[in-house]
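# An overview of the molecular structure
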Amino acid sequence: MNSINDLYRQVIVEHYKNPRNKGLKEGSEYRRLRLKNPSCGDDVTIQIKTNGNVVEEVLHDGSGCSICCSSASVMSEVIKGKTIEEAEGLVEDFYSLIKGEEPRDEESLDEAMAFVGVSQFPARVKCATLSWKALGALLIGEEGVKDIHE
Ligand code: ZN
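Calculation notes
- Residues numbered from 1 in each chain as written.
- Predicted model: local features only at pLDDT ≥ 70, side-chain atom pairs only at ≥ 80, totals over all residues.
- Heavy atoms only, no water.
- Phe/Tyr/Trp six-rings, centres within 6.5 Å; stacked < 30°, edge-to-face > 60°.
- Helix = DSSP H or I, 4+ residues; strand = E, 2+ residues; numbered from the N terminus.
- Buried < 20%, exposed > 50% of the residue type's maximum accessible area, 1.4 Å probe, protein only.
- Donors = N, O, S within 2.8 Å, 3.2 Å for Na, K, Ca; no water.
- Salt bridge = Lys/Arg side-chain N within 4 Å of Asp/Glu carboxyl O.

## Structural notes on the packing of aromatic side chains
The geometry of an aromatic ring pair is captured by two quantities: the separation of the ring centres and the angle between the planes. This structure, assessed with the given rule, holds 2 aromatic pairs. A centroid spacing of 6.0 Å and a plane angle of 70 degrees characterise the contact between Phe94 and Phe115, whose relative ring orientation is edge-to-face. You can see Phe94 sitting in helix 3 (residues 84–98) and its partner Phe115 sitting in the loop between helix 4 (106–109) and helix 5 (122–139), a full 21 residues away along the chain. Between Phe94 and Trp132, the aromatic rings sit 4.1 Å apart at their centres with planes inclined by 10 degrees, giving stacked as the arrangement. Taken together, the residues span a long stretch of sequence, with Phe94 in helix 3 and Trp132 in helix 5 at a distance of 38 residues. Using a relative accessible area of 0% as the deciding quantity, one classes Phe94 as buried. Ring pairs connect the aromatic residues Phe94, Phe115 and Trp132, which therefore count as one cluster.

Printed below as a string of structure tokens:
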């Protein structure tokens, strides 16, 4: 038994069963972006509220596979309270992790490290990165609805 992999699997299952920060809010201070991944059927909306340079709130809603939903929950916890620059760095680090590369800051990725194994399953990469892509787009001022295609 590989205990670190077991721990990571537990993190993913736990966030899937008990998602944090789930459910969107009304209000002009919230910006949202919806992304769909037709290859798996994942459909996720990410909503953020920034205050100055800080990402004060990260919310998510939608439906999808366990990897996608769990990743959105973990992402919301990891990003909440970070500055926009830190959040952008973490999005890049998460992409590195999922590509099988060494992230610069494993400590700040925190529970998102649980998705390290996804790099071995190319079909699941888009599931894991969908919510992070939506966040990255929101951070540079985009919003609305988008489809992710190959
Ligand atoms: Zn999926």
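## Regarding the coordination of the zinc ion
At 2.1 to 2.7 Å from the zinc ion lie its protein donor atoms, namely Cys40 (SG), Asp42 (OD), Asp42 (OD), Cys65 (SG) and Cys127 (SG). Of note, the donors binding the zinc ion are all from one chain and are spaced C-x1-D-x22-C-x61-C. Of the two residues, Asp42 sits in strand 2 (residues 42–51) while Cys65 sits in the loop between strand 3 (54–63) and helix 2 (66–79), which places them 23 residues apart along the sequence.

## Brief notes about the pattern of salt bridges
Applying the stated criterion across every chain, the model contains 9 salt bridges. Close ionic contact of Arg9 with Asp6 constitutes a salt bridge, the shortest N to O distance being 2.9 Å. Placement of the pair is Arg9 and Asp6 together in helix 1 (residues 3–17), with a separation of 3 residues, close to one helical turn. A salt bridge links Lys49 to Glu56; the nearest nitrogen and oxygen atoms lie 3.6 Å apart. You can call Glu56 partly exposed: its relative accessible area is 33%. It is possible to trace a salt-bridge network through shared partners that takes in Lys25, Lys49, Glu56 and Glu57.

So, to be careful, I would describe these as geometric facts and stop short of saying anything about function.
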